[in-house]
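Here is what each chain is made of, one letter per residue.
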Amino acid sequence: MNIHEYQAKELLGRFGVITTGGSVCGSAEEARSLADKFFGAGEKKIVVKSQIHAGGRGKGVFKSGFKGGVKLVSNPQEAADVAKNMIGQTLVTKQTGEEGRVVSKLLVAPAPPIKKEFYFAVLLDRAASRPVVMASSEGGVDIEEVAEKTPEKIIKESIDPAVGMYPYQARKIATGLGLRGDLLNQATKLMLGVYKTWWESDASLLEINPLALVEKDGKEVLAAVDAKMSLDDNALYRHQDIQAMRDLGEEAPLEIEASKHNLNYIKLDGSIACLVNGAGLAMATMDIIQHYGGRPANFLDVGGGASKEQVTAAFKIILSDPNVKGILVNIFGGIMDCNVIATGIVAAVKEKHLNIPLVVRLEGNNVQAGKKTLADSGLKLITGDSMADAAQKVVKAVG
């Protein structure tokens with residue numbers, strides 16, 4: 001689950017991380033009021049930032065023609081004018097795709113002078129099965145760009161999850177960024193706070209870009225100017241407060257419906273839908289469809305112990321995608337009972353009056369009963385003897 005910048009900053013604040021703060025609003029008048037408050041408190045510049053689950057907002061362009069999802073303003077009226085051009089409009093960035101995202105919330109925040117920008121992030125190193133901290137003196141730009149052009153400017157520090165991030169590791173990174181004296185102490189505290197936020201929130205990614213050296217009340221202060229955070233869905237049951245931050249308006253409708261039935265679904269742009277049990281098998285199924293010349297329309301993992309109701313719901317979600325021209329069901333029953341899948345298929349097909357090709361490959365636990373259920377159903381379907389056979393048949397059937 002992704003959350004907005006203002007929500008990520010709220011979580012960072014709980015663990016003592018200094019941010020540039022700000023308040024969220026949903027209208028031009030609210031933006032004016034907030035800007036008036038900040039200017040009244042002595043701020044010289046205010047930033048108005050579109051809140052969507054995508055990066056590249058500053059360089060984004062609204063479909064209305066207005067350029068920039070992040071704007072610096074010098075007075076309350078300017079803040080209101082900028083907000084009018086953002087609220088309710090669709091912002092297109094390099095991460096949203098051509099469809100863009102509708103902006104419904106804005107973050108209005110102080111914009112103190114920035115003297116230097118850094119990059120700092122905590123994420124999971126899946127190859128090493130442990131957290132890794134990444135930092136760079138090149139902040140405010142895509143880390144992928146830095147990795148490609150100047151990889152030597154990226155600092156990495158692997159963290160032992162049993163003990164967490166040590167202060168000496170934070171000092172080592174801060175020193176590598178060229179920070180000394182009081183800034184070294186500030187950076188150490190901030191980095192430890194960011195790591196603790198990541199760990200305690202069960203996050204998969206927490207990215208501060210930029211982490212900036214700003215001038216505040218005549219002093220140099222390290223602060224998180226921006227924050228991007230992704231949470232592990234499997235751990236959300238431990239965080240009711242974070243669950244409440246979920247913004248359904250930022251998620252695809254079919255993915256929202258799938259989550260209601262505990263199904264792992266991601267919509268793609270192909271024409272062959274997949275219904276599979278197990279994430280690894282689902283990935284392999286998508287690959288083999290592509291290998292034989294087709295294009296998968298989705299990733300859909302019903303899990304190892306799906307019920308008839310979940311299978312029926314999965315079919316309904318698949319068939320709600322108008323791009324789907326054929327369906328491949330690929331089940332390898334371990335814990336899963338193949339007959340449960342077969343019963344769900346029959347129920348869903350009869351209810352939805354399926355009129356597109358359906359290819360089914362069943363193998364494993366109680367497979368004979370599952371095949372009999374399908375054979376006795378009277379449904380028009382194609383059976384596959386193996387995954388390769390089933391993939392070739394569905395690609396051919398779709399044409």
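Calculation criteria
- Residues numbered from 1 in each chain as written.
- Predicted model: local features only at pLDDT ≥ 70, side-chain atom pairs only at ≥ 80, totals over all residues.
- Heavy atoms only, no water.
- Axes fitted to C-alpha atoms, helices over the stretch in contact; angles between N-to-C directions.
- Helix = DSSP H or I, 4+ residues; strand = E, 2+ residues; numbered from the N terminus.
- Parallel < 35°, antiparallel > 145°, perpendicular 65-115°, else oblique.
- Left-handed = near helix turned anticlockwise from the far one by under 90°.
- Contact = heavy atoms within 4.5 Å.
- Pairing = 2+ DSSP bridges.
- Disulfide = S-S within 2.5 Å.
- Buried < 20%, exposed > 50% of the residue type's maximum accessible area, 1.4 Å probe, protein only.
- Arc of directions from axis to C-beta.
- Polar contact = N/O pair within 3.5 Å; in protein donor to acceptor, adjacent residues only side chain to side chain.
- Phe/Tyr/Trp six-rings, centres within 6.5 Å; stacked < 30°, edge-to-face > 60°.
- Lys NZ or Arg CZ within 6 Å of the ring centre and 35° of its normal.

1. Some details on the packing of helix 9 (residues 279-291) against helix 13 (residues 387-398)
Here is step 1: Interhelical geometry of helix 9 versus helix 13 gives an angle of 50 degrees and a closest axis separation of 9 Å. As far as their axial angle goes, helix 13 and helix 9 are oblique. As for how helix 9 packs across helix 13, the hand of that crossing is right-handed. Across from L281, A284, T285, I288 and I289 in helix 9, the residues of helix 13 making contact are M387, A388, A391 and V395.

2. A few points about the sheet that holds strand 8 (residues 106-110)
Consider a sheet: its strands pair through backbone hydrogen bonds, and that pairing is either parallel or antiparallel.
Here is step 1: Strand order across the open sheet formed by 4 strands is 2-8-3-5, with antiparallel pairing between neighbours. In this open sheet, the two strands that pair with only one neighbour each are strand 2 (23-25) and strand 5 (70-73). Averaged over all pairs of adjacent strands, the angle between strand axes in this sheet comes to 25 degrees, irrespective of strand direction.
Here is step 2: Relative to strand 8, strand 3 (residues 46-50) runs antiparallel, the two sharing 5 bridges. Within strand 8, the position partnered with S50 by the bridge is L106.
Here is step 3: Against the sheet, helix 1 (residues 5-14) makes contact with strand 2, strand 3 and strand 8, and its axis sits at roughly 50 degrees relative to strand 8, the strand it touches most.
Here is step 4: Strands strand 3, strand 5 and strand 8 of the sheet are contacted by helix 3 (residues 76-86), whose axis makes an angle of about 165 degrees with strand 5.

3. Section: the state of the cysteines
Here is step 1: Counting across every chain of the model gives 0 disulfides.
Here is step 2: With no disulfide partner, C274 has as its closest neighbouring cysteine sulfur the one in C338, 17 Å distant.
Here is step 3: Taking the relative accessible area as the measure of exposure, C274 reaches 1% and is therefore buried.
Here is step 4: With a relative accessible area of 0%, C338 lands in the buried category.

4. Observations concerning unusual backbone geometry
Here is step 1: Look at the link from N209 to P210: it is a cis peptide, with omega at 10 degrees.
Here is step 2: Among the secondary structure elements, P210 is positioned in strand 12 (residues 203-216).
Here is step 3: Of note in the backbone geometry, S129 takes a positive phi value of approximately 55 degrees without being a glycine.
Here is step 4: Along the chain, S129 falls in the loop between strand 9 (114-125) and strand 10 (130-136).
Here is step 5: Positive phi, close to 55 degrees, is recorded for D202, a residue that is not glycine.
Here is step 6: Summarising the element assignment, D202 is placed in the loop between helix 6 (181-200) and strand 12.

5. Re helix 3
Here is step 1: Those residues of helix 3 lying buried are A79, A80, V82, A83 and M86. Down the axis, helix 3 shows its buried residues gathered within 165 degrees of arc, on one side only.
Here is step 2: On the buried face of helix 3, the contacting elements are helix 2 (28-40), strand 3, strand 4 (61-62), strand 5 and strand 8.
Here is step 3: Of the residues flanking the start of helix 3, the one acting as N-cap is N75, its side-chain oxygen 3.2 Å from the backbone nitrogen of Q77.
Here is step 4: Just downstream of helix 3, G88 is the residue with a positive phi angle, here 80 degrees.

6. Observations concerning the packing of aromatic side chains
Here is step 1: Across all of its chains, the model carries 5 aromatic pairs by this definition.
Here is step 2: Measuring from centroid to centroid gives 6.3 Å for W198 and W199, while their planes differ by 40 degrees, and the two rings are tilted.
Here is step 3: Looking at W198, the relative accessible area reads 5%, which means it is buried.
Here is step 4: Taking relative accessible area as the criterion, W199 reaches 40% and is therefore assigned partly exposed.
Here is step 5: Through successive ring pairs, a cluster of aromatic residues spans Y195, W198 and W199.
Here is step 6: Positioned above the aromatic ring of F38 is the side chain of K37, whose terminal nitrogen or guanidinium carbon lies 5.0 Å from the ring centre.
Here is step 7: The side chain of K116 reaches across the aromatic face of F118, ending 5.7 Å from its centre.

Everything listed here is a matter of coordinates, which is why it stays silent on function.
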